[in-house]
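# Descriptive analysis of the structure
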Amino acid sequence: MNILILGSGAREHVLAWKLTQSKKAGRIFAGPGNAGTAAAGTNLAIDPCRFGQVRDAVLANDIGMVIAGPEAPLVAGIHDYFLSDPLLKNIPLIGPCRSAARLEGSKDFAKAFLMRHGIPTSRYRTFNRATAHEVPEFLATLRSPYVIKADGLAAGKGVLIIDDINEAAAEVNAILDGKFDSAGEKVVVEQFLKGIELSAFILTDGKSWKLLPEAKDYKRAGSGDTGLNTGGMGAVSPVPFAGKEFMDKVRDRIIEPTMRGLAEEGIVYTGFLFFGLMNVDGDPYVIEYNVRMGDPEAEVVIPRIKSDLLDLLEGVAEGNLSERSLETDSRFVTTVMLVSGGYPGSYKNGMEITGLEKTSDCAVFHAGTKAEGERLLTSGGRVLAVSSWGKSLNEALEGSYSNAAQISFAGMYYRKDIGFDLK
């Protein structure tokens, strides 16, 4: 079976890397991909949100399955597009339909869904331009800091945590005034939850689900969780504090009620579902849903899956996931993200990357890279994810950091403390 992976980041590279290990896989395509996916298969110059381009690529390359890596095409309805097209409707697209993708596409929809189904989350209220004058009054009922979220997709920049109440009110108005374009037509203001974050993931065919390994990622650019939020500077799996007792709470209080709630509302959800959680004194609360695998979490979760990933995805497509086997590697996997200098602010592309040939006993997943002849160049803020395995967290981290030190490009930066808070 030929497979097309939509997207261009490290998440898409790790998916391609894993699928090449399946005996069931034919050719692997990525659109648009990066230098890493090109090494694993064939890149196609397509935009995942231009569905006509995707359609042409699928038909021209005898694609038997499409995997949507990022959220944007799912929120825009690519699954529904496939189902409505006579030539595409029998080609499985891994990822939820547009209705289900609202769990990520609208923070307001997600919070209301959580409340409707009694799933633990923080107190909140949604505002639009007509109700913006009521923001200060609501903020006064919350404790500092304040969480401000643009309702729609804002390329990972739409969540702000602000200490000062007046600054928080001003930020709500700035978002409503167009700071994040149409993503900010509504703004969710919610109570900050104090605890430790982690991410849980399931793969579901809409009826049954498999729990994938959990992970903890690190969003702040600077060591010690300082600086601006980024798309992710590294990740760790498993998460030491997420033992059986805690994960049983996640199953019983969050995953099962979510799946029941979707069924009660007539929403068929298929594909990956990501639960952004906060561990508050031993109890899990939902911060957010994502309707795809996380990145950089994918770079530690997928390497821990010992089973044939394509077999599991076929279970999603055929509606018999419960009959498929999921076996997990017990070892730790850590990933450290190498980023361009200045990220997540302004940065330069086109820096030559060297030293990959010096790495060993690790997997280097490409995010923002492109090949130019024999040279490998940077082409994004997050450039490479260095993933390593270990019997202990320390062993895995030593592998990631020793290999990261072998790689070089002008302005390269990475956090030196990924996973240190879990030791």
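Conventions adopted
- Residues numbered from 1 in each chain as written.
- Predicted model: local features only at pLDDT ≥ 70, side-chain atom pairs only at ≥ 80, totals over all residues.
- Heavy atoms only, no water.
- Helix = DSSP H or I, 4+ residues; strand = E, 2+ residues; numbered from the N terminus.
- Rg over C-alpha atoms; globule rule 2.2 N^0.38 Å.
- Buried < 20%, exposed > 50% of the residue type's maximum accessible area, 1.4 Å probe, protein only.
- Contact = heavy atoms within 4.5 Å.
- Areas by Shrake-Rupley, 256 points an atom, 1.4 Å probe, with all protein chains shown as cover.
- Lys, Arg positive; Asp, Glu negative; His and termini not counted.
- Charge placed at Lys NZ, Arg CZ, Asp CG, Glu CD.
- Arc of directions from axis to C-beta.
- Polar contact = N/O pair within 3.5 Å; in protein donor to acceptor, adjacent residues only side chain to side chain.
- Salt bridge = Lys/Arg side-chain N within 4 Å of Asp/Glu carboxyl O.
- Pairing = 2+ DSSP bridges.

## Quick word on the overall build of the protein chain
Counting secondary structure elements, the protein chain contains 13 helices and 22 strands. Against the compact-globule benchmark of 22 Å for 423 residues, the protein chain has a radius of gyration of 21 Å, which places it among compact chains. Summarising its shape, the C-alpha atoms of the protein chain cover approximately 60 × 50 × 45 Å along the three principal directions. Counting all 423 residues of the protein chain, 57% fall into the buried class. Pairs at least 24 apart in sequence give 68% of the contacts found in the protein chain among residues at least 6 apart. As displayed, the protein chain has an accessible area near 17200 Å², and 48% of this comes from carbon and sulfur atoms. Measuring between centres, the 46 positive side-chain charges of the protein chain sit 1 Å from its 53 negative side-chain charges.

## Brief notes about helix α9 (residues 165-179)
Taken as a whole, α9 has its buried residues at Ala 168, Ala 169, Glu 171, Val 172, Ile 175 and Leu 176. Looking straight down α9, one finds that the buried residues subtend no more than 160° of arc, so they occupy a single side. Seen from the buried face of α9, the exposed residues on the opposite side, beyond 90 degrees, are Asn 166 and Asp 177. Where α9 is buried, its residues meet β6 (124-127), α8 (135-139), β7 (146-150), β8 (159-162) and β9 (187-191). Structurally, the start of α9 carries an N-cap: the backbone nitrogen of Asn 166 is 3.0 Å from a side-chain oxygen of Asp 164. Positive phi appears at Asp 181, one or two residues downstream of α9, with a value of about 55°.

## What to know about the side chain of Lys 210
Counting through the fold element by element, Lys 210 comes out in strand β11 (residues 209-211). One buried charged residue, Lys 210, forms no salt bridge at all, with the nearest opposite charge on Asp 311 at 8.7 Å. Among the polar contacts listed, one links the side chain of Lys 210 to the backbone oxygen of Arg 324, at a separation of 2.7 Å. When sequence neighbours within four positions are dropped, the list of residues in contact with Lys 210 reads Phe 201, Ile 202, Leu 203, Leu 321, Ser 322, Arg 324 and Leu 326.

## Some remarks on the pairing of strand β14 (residues 226-229)
In terms of strand pairing, strand β13 (residues 220-222) meets β14 through two bridges, oriented antiparallel. When the bridges of β14 are listed, Arg 220 appears paired with Asn 229. If you look at the hairpin formed by β13 and β14, you'll find three residues sitting between the two strands, and Gly 224 has a positive phi there, around 75°.

## Topic: the environment of Leu 228
Turning to its location among the elements, Leu 228 is positioned in strand β14. In this structure Leu 228 comes out as exposed when scored by relative accessible area, which is 57%. Spatially, the C-alpha atom of Leu 228 lies 7.2 Å from that of Pro 344, the residues being 116 residues apart in sequence.

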